[in-house]
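# Coordinates in review
Here is what each chain is made of, one letter per residue.
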Amino acid sequence: MKKFFNWLDKTFVKPVEESKMSLGAFILIAAGYILARNLFEGAFESLHLIGLSSITLFGIEEMFLHLMFSWLYFFMIVAILLKFTTGHDMKKITRVLLAYSFIVLIPPFIDFLFMPGGFRLAYPTDISIVGKVIWSMLRPWILFNPRMVYEYSAKIPYGGSPGMIIEVFVALILIIVYSWIRTPSLKRRIIAVLLTPAILAATIIIAGGAQVLVSNIPGDPLTGKSVYFTGGLITSATRKYALIVLIPFLIVLFIGLLLYNKQKTLKLVKSIDPFSAILAAVAAGAGFLFAWLGLKDILTGVPRSPFDYVALFGLLVMGAASAVTRLYLSQSWSEKNSEEDKKTFRRGAWGMFILTLALGWSLGYANLFILLVSLVFGLVLAVPPLRLERWSVPSSLGNGLAVFMLVYCGYSLFATERTFSIFPWQLSIVVFATLWLSFLVRELIIRHKPKRIQTGEAAQ
């Protein structure tokens, strides 16, 4: 048995752990598996649609926004829990987990064999369905009895499938094997293996629990639809799913990055400018407030959905994240930083850019378009050959415009495509002038402060 585990380690584990590929490359590999899962799941489930929706736009949201981040969220939780149970290097755990995440492809093909007509996959709005799925998972032998599989399909009309149960048990076996190979002492190895079911159970509860709980919030009593389909500021149920995932994902991602590389993560965190981040969040929130005060008589009943309040919180986070993205861009090209630090900030900028866009996308397409323009101003300020942030006036102007666009982002949750034509032009002038003046004064203070210090030191 020891020889077998050594062979597994040498053949399948060590080559991945010791790979020179970047974390981004492993994330792309996992993203490829996730996209393939989404493709085949949509084609083989009951609707038989590529993209998991009859409307192409919703299918794109499902594949690239909601499910993509849901799976990455799931993988991150597993990696964090494995770190605590095995005590192994987080970098190596993450590489192995992402590299062998192809097991997510199991359900579409297995389910097709059990039920060619396809299963109806959806988040349970009846909590009893969750109990039935868990009870079925405790009896995996039913999968080898066609009659029991048929009964399973009748009792669980949606929310789970035999393929998903097999997927969970395959993951269970792989995690047990990896924990046994990589945990140092025998005592801790046994504990790590015994905790494996708890790891998967905790991951499923943390990752999927929020979706299921929100699904059970009373929706529209007239149509019988769940809370995800009750309208409000976020019109797409898929983007509501995504928003529920993205907010806790940010917390889990931060914990994972700390375990992955504490020194670089803290460097990124400590470099954040509180003034810029808070101002950007306040600007986005102010746009939301301006719209609510100015349009509430026209848009009656808003806010009416719990997601309207979630959208406001997501908007504030998006505003702060956009400011951090612009800051990391600036630091990644700053001559004051070493090449290693520039590389760290560049990776941080890419990560924050993707997260900021995901948050912006979940809030709506008008918001996403305006957000992109805001980020472009930050790009022009930071990236050579222009690097306009070298001078006070262009730097303050660019930063002012970037934050001013965030005011429009908040307004766009109400006004959508008509944001620029509806937003009062007098208010635009006042808000932009205030922002530009604030940045200009700050720029002048910061740029002249070192000179005064140097002059004082020379006099001494």
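Note that this is a predicted model, so its numbers are computed, not measured.

Further remarks concern the pattern of salt bridges. Counting across every chain of the model gives ten salt bridges. The partner of Lys-342 in a salt bridge is Glu-339, and the shortest N-O contact between them spans 3.5 Å. Residue Lys-342 and its partner Glu-339 are located together in helix α15 (residues 339-363), separated by three residues, close to a single helical turn. Looking at Lys-342, the relative accessible area reads 13%, which means it is buried. For Glu-339, a relative accessible area of 58% puts it in the exposed group. Connected through salt bridges with shared partners, the residues Asp-9, Glu-17 and Arg-182 form a single ionic network.

In this section: the environment of Phe-114. Note that Phe-114 resides in helix α5 (residues 106-114). Taking the C-alpha atoms as reference points, Phe-114 and Pro-248, separated by 134 residues in sequence, lie 35 Å from one another.

Tracing the sequence through the fold places Pro-306 in helix α14 (residues 306-332). When the C-alpha positions of Pro-306 and Gly-232 are compared, they lie 8.6 Å apart, and in sequence the two are 74 residues distant.

What follows deals with unusual backbone geometry. Note that the residue after Pro-384, namely Pro-385, is joined by a cis bond; omega there is 5 degrees. Structurally, Pro-385 can be placed in the loop between α16 (365-382) and α17 (392-415). Despite not being glycine, Leu-52 has its phi angle at roughly 65 degrees, a positive value. Relative to the helices and strands, Leu-52 is located in the loop between α2 (23-44) and α3 (56-86).

To characterise two packed helices, one gives the angle between the axes of the helices and the distance between these axes. Running from N to C, helix α1 (residues 2-17) and helix α8 (residues 162-182) point in directions that differ by 95 degrees, and their axes come no closer than 11 Å. Classified by the interaxial angle, the pair formed by α1 and α8 is roughly perpendicular. Within the contact between the two elements, α1 uses Phe-5, Leu-8, Asp-9, Val-13, Lys-14 and Glu-17 and α8 uses Val-177, Tyr-178, Trp-180, Ile-181 and Arg-182.

What counts and how
Residues numbered from 1 in each chain as written. Predicted model: local features only at pLDDT ≥ 70, side-chain atom pairs only at ≥ 80, totals over all residues. Heavy atoms only, no water. Salt bridge = Lys/Arg side-chain N within 4 Å of Asp/Glu carboxyl O. Helix = DSSP H or I, 4+ residues; strand = E, 2+ residues; numbered from the N terminus. Buried < 20%, exposed > 50% of the residue type's maximum accessible area, 1.4 Å probe, protein only. Axes fitted to C-alpha atoms, helices over the stretch in contact; angles between N-to-C directions. Parallel < 35°, antiparallel > 145°, perpendicular 65-115°, else oblique. Contact = heavy atoms within 4.5 Å.

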